[in-house]
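Spelled out, the chains give:
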Amino acid sequence: MRYLPLSQTDREAMLAKIGVSHVNDLFKDVPRDALLKEHVDLPTHMSEMEVEREFNGFANKNVPAGSVPFFVGAGAYRHYVPSSVDHLIQRGEFLTAYTPYQPEISQGTLQALYEFQTQVAQITGMEVSNASMYDGSTACGEAVLMARRATRKKKAILSGTLNPQYVEVVRTVTKYTDDVAVVNPVGTYFLDDLIAQIDDETSCVVVQNPDFFGNIQDYTKLAEAAHAKKALLVVVVTEVVSLGAVRSPGSMGADIVVGEGQSIGNGLTFGGPYVGLLATRQKFVRTMPGRVCGETVDADGKRGFVLTLSTREQHIRREKATSNICTNAGLCTLAFTIHMTLLGEKGFRHLAQLNHAKAVTLADKLDAIDGVSVLNDSFFNEFTVSLPMGAAEAVERLADQDVIAGVPLSRLYPDNPDMTNKLLVAVTETVTEDDMDRLVAELKELAHA
């Protein structure tokens, strides 16, 4: 709880300084019919201890992800983060809001970002990465704008298996430009259909791997078709751990790779802050949003780090900026880098294998239930299940039994009746055999009720 030490005298002094007599004068421009006529139905005063007790009561109604069997994914995943990650990011050398305005004075921060960029470029199979974006969805929106800058064309084709929240962000960022976002029907990915849509006006094709429904795809032919029309292939990765086991987007011919890095080093934390990834080819580096840290030597020949590119509005003229993004997700990026460093290549690949093995185990168990079927031919650690009942109802009833079963797709596609019985299930290394057996037992009971 924040301690606000201002006295009435302090408030009066501040109001006098700005030339008003009462705090209500600050709201004089708000239309009177938009103001409340009565006080909000809250106690006029409570002690600090009473307020804390009241809000603890609200908080205790939540079910923390780690306290019960938990199978939710859909773009944010519960992975184990070693305690050493939190310890290291809170050291005084690192716990800072962002790089100083004279960035080279903070060599440690720049080196951490440099290492982050190197890790992202390596796991995505790309040549260069920026110093991070806000999150995966905004990185996706920035990728579409970047493709326009690189190709000077305005038509972006979005796969029907792209995370629907990412689709909404692209729609939002292109709403006030003359870009055209062509969104394919939900749940569909047909290679020939996407290729047929690519024309001379296409700036990029945006796909996801594994896609929103968990399927793993090979986008090599799609990349070739896009390049034949001088368009770019943008590959979205929302579960970054998958890159320890799945072929990298760069090896398929992707021109831009964006994604959500939350799975490495960062907890779920009720939806953020997260860390957006954006990597590309060297030839597109000057159209890339955000900033890039580079390595150099000083006047004495010693290794040092600099802010190599920073094409944002804060540093250059607005009309020359590649993006209005004003910073990077520094602390989340540092957590990503530390966790990835602790894992190393061997640990990262082992973590991916562990996730996939557990997902296969649960998929087999669920597929054996009468009336339940796994719809994927391939998957990493997330797959779609068809239930003999409404998935939203099933999730609610299982939650009453302290099992968080997954994401009912009707929540994200409320107007699509084909999604009513579909449940998206994620399995990470944190899921135990007991957790799986609880889910299977509860689903069996529901299916046969």
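These numbers were taken from a predicted model, which means no experiment stands behind them.

## Details of the pairing of strand 2 (residues 155-158)
With burial as the criterion, each face of strand 2 is covered, one bearing K155 and I157 and the other bearing A156 and L158. Judged from the four bridges that link them, strand 2 and strand 3 (residues 180-183) form a sheet pairing that is parallel. Across the sheet, residue L158 finds its bridge partner in strand 3, namely V183. Assessed by its sense of winding, the connection that carries the chain from strand 2 through helix 6 (residues 164-174) to strand 3 is right-handed. With four bridges connecting them, strand 2 and strand 4 (residues 202-208) associate as parallel partners. Bridge assignment links I157 to a residue of strand 4, and that residue is V205.

## Description of the packing of helix 5 (residues 136-151) against helix 6
As a packed pair, helix 5 and helix 6 sit with axes 8 Å apart at the nearest point and diverge in direction by 45°. If you check the angle between helix 5 and helix 6, you find them oblique. Regarding helix 5 and helix 6, the two cross each other, and that crossing is right-handed. Here G136, S137, T138, C140, G141, V144 and L145 of helix 5 lie close against helix 6, whose contacting residues are Y166, V169, V170, V173 and T174. Partitioning the contact of helix 5 with helix 6 into residue classes produces seven nonpolar, five polar and no charged.

## Considering helix 6
Residues of helix 6 that are buried: P164, Y166, V167, V169, V170 and T174. Contact partners of the buried residues in helix 6: helix 5, strand 2, strand 3, strand 5 (232-237) and strand 6 (256-260). If you check the start of helix 6, you find a side-chain oxygen 2.8 Å away from the backbone N of Q165, and it comes from N163.

## Concerning the state of the cysteines
Inspection of every chain in the model, using the stated rule, returns zero disulfides. Free of any disulfide, C204 has its nearest cysteine sulfur in C140, 8.4 Å distant. Just so you know, C332 is unpaired, no disulfide at all, and the nearest cysteine sulfur is the one on C293, 16 Å from it. What makes C332 buried here is its relative accessible area of 10%.

## Let's talk about the sheet that holds strand 11 (residues 382-386)
Pairing between the strands of a sheet comes from backbone hydrogen bonds, and it takes one of two forms, parallel or antiparallel. In space, the four strands of this open sheet follow the order 10-11-13-12, with antiparallel pairing throughout. The open sheet has two edge strands with one neighbour each: strand 10 (373-374) and strand 12 (407-408). Across two bridges, the pairing between strand 10 and strand 11 is antiparallel. From the neighbouring strand, V374 faces strand 11, where its bridge partner is V385. Sheet strands touched by helix 10 (residues 330-367): strand 10, strand 11 and strand 13 (422-426). Its angle to strand 11, the strand with the most contacts, is close to 5°.

## Digging into the sheet that holds strand 3
The strand order 1-7-6-5-4-2-3 describes an open sheet built from seven strands, whose pairing is mixed. The open sheet terminates on both sides in strands that have one partner only, identified here as strand 1 (128-129) and strand 3. Where helix 5 meets the sheet, its contacts fall on strand 2, strand 4, strand 5, strand 6 and strand 7 (276-280), and the angle it forms with strand 6 comes to roughly 165°.

## Here we look at the environment of K221
Mapped onto the elements of the fold, K221 is located in helix 8 (residues 220-228). Residues K221 and G253 lie 32 residues apart in sequence; the distance between their C-alpha atoms is 8.7 Å. Once residues within four sequence positions are removed from consideration, K221 is found in contact with L191 and I195.

## Notes on the domain arrangement of the protein chain
Looking at the assigned domains, one finds that the protein chain contains domain 1 (83-340) and domain 2 (347-448). The straight-line distance from the C-alpha centre of domain 1 to that of domain 2 is 29 Å. With 21 residues of domain 1 at the interface, the matching set in domain 2 holds 20 residues. Where domain 1 abuts domain 2, roughly 1,600 Å² becomes buried across the two surfaces, and 68% of that area is made up of carbon and sulfur atoms. Connecting domain 1 to domain 2 are zero salt bridges. In this structure, the connection of domain 1 to domain 2 is made through six residue pairs in polar contact (both at pLDDT 80 or more).

Rules used throughout
- Throughout this document, residue positions are counted from 1 along each chain, in the order its sequence is written.
- Owing to the predicted nature of the model, reporting of local features is limited to residues with pLDDT of at least 70; listing and counting of side-chain atom pairs is limited to 80 or more, with chain, interface and lining totals taken over all residues.
- Processing note: side-chain calculations cover all non-hydrogen atoms of the structure and skip hydrogens and water entirely.
- Each residue is placed in one exposure class: buried if its accessible area under a 1.4 Å probe, protein chains only, is under 20% of its type's maximum, exposed if it is over 50%, and partly exposed if it falls in between.
- To qualify as a helix, a DSSP run of H or I must reach at least 4 residues; to qualify as a strand, a run of E must reach at least 2; elements of each kind are numbered from the N terminus.
- Any two strands are treated as partners once DSSP identifies two or more bridges connecting them.
- The handedness rule is simple: strands pointing away from the viewer, and a clockwise path from the first strand over the helix to the second, make the crossover right-handed.
- Lines fitted to C-alpha atoms define the axes, with helix axes restricted to the stretch in contact, and inter-axis angles between N-to-C directions lie between 0 and 180 degrees.
- Angle categories: roughly parallel below 35 degrees, roughly antiparallel above 145, roughly perpendicular from 65 to 115, and oblique for all the rest.
- For any helix crossing, the convention is left-handed if the near helix is rotated counterclockwise from the far helix by under a right angle, and right-handed if that rotation is clockwise.
- Every residue pair with non-hydrogen atoms within 4.5 Å of one another is taken to be in contact.
- Each residue gets one of three labels, nonpolar for Ala, Val, Leu, Ile, Met, Phe, Trp, Tyr, Cys and Pro, charged for Asp, Glu, Lys and Arg, and polar for the others, Gly among them.
- Two N or O atoms count as a polar contact when they lie within 3.5 Å, although within protein this holds only if one can serve as hydrogen donor and the other as acceptor, and sequence-adjacent residues are included solely when both atoms are side-chain atoms.
- The disulfide definition used here is simple: a pair of cysteine sulfur atoms within 2.5 Å.
- An automatic or database domain assignment supplies the residue ranges for each domain.
- A simple way to read buried area is as the amount of 1.4 Å-probe accessible surface that goes missing from two parts once joined, with both sides added.
- For this document, the term salt bridge refers to a Lys or Arg side-chain nitrogen within 4 Å of an Asp or Glu carboxyl oxygen.

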